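For reference, the chains in residue letters:
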Amino acid sequence: MALEEGCKHSLEIEVPVEEVEEETGRAVEKVKQRAKLPGFRPGKAPSSIIRQQFAGEIRRQVLDSIIPKHLQIRFEAENLKVVGQPDITEVHFEAGEPLRFKAEFEVVPEIELQDYKGLTVPYRDPEIKDEDVAKRIEELRQQKAEFVNEDPRPVQDGDYAVLSLESLSGVDGPPVKQDEMTLEVGGGDTLENFSENLRGMSPGEEKEFDVTYPDDYGQPKLAGKTIRFKAEVKGLRRKELPEVNDEFAQDLGDYRTVDELKEAVRKSLFAQSQFEAQQEAKNKLVDKLVDLHDFPVPETFIDRQIQNRVEQRVRALAEQGIDPKSLNLDWKKLKESQRDKALREVKASMLLQRISEREAIAPTRDEVDREVDRLAKQQREPFAAMRLRFEKDGTLGRIASHIQTEKTLNFLFEHAGKTEE
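Along every chain, residues carry numbers that run from 1 in the direction the sequence is written. Per-residue local features of the predicted model are confined to residues with pLDDT of at least 70, and side-chain atom pairs are confined, for both listing and counting, to 80 or more; whole-chain, interface and lining totals are unaffected and use all residues. Hydrogens and waters are ignored; side-chain quantities use all the structure's heavy atoms.

Turning to unusual backbone geometry, a few remarks are in order. As a rule of thumb, non-glycine residues mostly have phi less than zero, and peptide bonds are mostly trans rather than cis. With a phi close to 55°, Asn79 is a non-glycine residue in the positive phi region. For the purposes of this entry, the term helix denotes a DSSP run of H or I that reaches at least four residues, the term strand denotes a run of E that reaches at least two, and both are numbered from the N terminus. You can see Asn79 is positioned in the loop between helix H3 (55-77) and strand E3 (82-92). Only protein chains enter the accessibility calculation, which uses a 1.4 Å probe; a residue whose area is less than 20% of its type maximum is buried, one above 50% is exposed, and one in between is partly exposed. Residue class for Asn79 comes out exposed when judged on its relative accessible area of 62%. The backbone of Glu90 shows a phi angle near 50°, a positive value even though the residue is not glycine. Secondary-structure assignment places Glu90 in strand E3.

So, in structure tokens, the structure goes:
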């Protein structure tokens, strides 16, 4: 075996002439049984004619049988973890001679693990302040708000104007049209063009005006454009917020008092903040882990990860309503730009896999089943049916792999030294 570069390997294999002739004889017999030649019944044509007439097919059958078999023998003998499909070249296949060929392929590299338990990372548990709890309570209060119709009068700041809205120009494709929508005039989430044009209008009035959307507006169809709208004010509403008392707490769930609600909110905020802080710390640990190890990575793995990253980019564009074809993207440059990140992601994945093997970290059946059960309830599908489907299409393996990765990250975080930032 020859190590060429990085993970690239090659083997030169020779198969004894006796085995080649034996396999050739079997191939000739297979072809003879179904060959239709003038003047001969099926299976009765002389082997010499079959060899001559069907030489190409016989050659393919012999190679398809012998090459994979001898590759597997050598892979096992030399304990090679081969990635992807070997490239077969320099095939020498002549009658009465041994079969010789060269196989080029990539292997999973041996990774010599460094001290992954001695890593340090900036981390401290989050602190939830009273104002954080108060802000969340206010959000819950806003969610429970009721909107009460007002008698007709001119619109002013703080009103919720009920509108019908239709774009007259400036939009590519179908116009923007809504028969009934509500805008808070002067509100922080309302574009100033809308507020300034709606102020002073009364229910029943119509008006045409221009609205210029910022370049980073959430809807790409409108971002950076100036749209001419026709708007009609259909009515006015005011927002009534509930008082924060025990009744409000009871209305939100299994709480008897406001204090119980606040304590539950504090715990929820802490859990969410702790999760986010730990995720950030784990990402930094993985970065350190990758920086600590230098080893070759199979190009096959990198190419696959680049493809995944490009597909994610395309899906993200599609979700924003953008057709990737309309952007005239240079796909070659896009893939090249993803290479460094893809390489680090593959390295991280390989390192975490290696650590999980050394530490015997693996998902339990209960852990996998809990995740399948969660997804089954989410999609309102029977657990058994979903598990069977996941087993067949490979999703079950991906779920197990994800759980293993998360458990390995938790292990690294637990054993890491935590420092104050």
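Now that the structure has been shown, the text picks up again.
Further remarks concern the packing of aromatic side chains. Here the aromatic set is Phe, Tyr and Trp, taking the six-membered ring for Trp, and pairing holds for ring centres within 6.5 Å; pairs whose planes are under 30 degrees apart are stacked, those over 60 apart are edge-to-face, and all others are tilted. With the rule as written, the count across this model stands at 6 aromatic pairs. Arranged with centres 5.0 Å apart and planes meeting at 75°, the rings of Phe147 and Tyr160 form a pair that is edge-to-face. Separated by 13 residues along the polypeptide, Phe147 in strand E6 (residues 146-149) and Tyr160 in strand E7 (residues 160-169) bring together distant segments of the chain. An aromatic cluster is defined as three or more aromatic residues linked by ring pairs; in this entry it consists of Phe194, Phe209 and Phe229. Across the ring face of Phe295, the terminal group of Lys347 is positioned such that the distance to the ring centre comes to 5.2 Å. Sitting over the face of the ring of Phe413, Lys418 holds its NZ or CZ atom 4.3 Å from the ring centroid. In this scheme, the term charge over a ring applies when either NZ of a lysine or CZ of an arginine sits within 6 Å of the ring centre and within 35 degrees of the ring normal.

Now for the layout of surface pockets. In this analysis the probe radius is 1.4 Å and the grid spacing 1 Å, with only protein atoms considered; a cavity is a set of points the probe fits into but cannot get out of, a pocket is an open set with protein on both sides within 12 Å along at least five of seven lines, and lining residues have an atom within 4 Å of a point. Grid points are joined across faces, edges and corners, and a volume is the space filled by probe spheres set on the points. Roughly 1100 Å³ of volume is contained in the largest pocket. If you trace the largest pocket, you find 38 residues lining it, with Val346, Ala348, Ser349, Met350 and Gln353 closest to the centre. Elements with a minimum of two residues in the lining of the largest pocket: helix H7 (258-292), helix H8 (299-319), helix H9 (331-358) and helix H12 (395-415). Among the elements that line the lining of the largest pocket, the one with the most residues is H9, at 10 residues. Any residue outside Ala, Val, Leu, Ile, Met, Phe, Trp, Tyr, Cys, Pro, Asp, Glu, Lys and Arg is labelled polar, Gly included; the first ten of those are nonpolar and the last four are charged. Residue composition of the lining of the largest pocket, grouped by class: 15 nonpolar, 15 polar and 8 charged.

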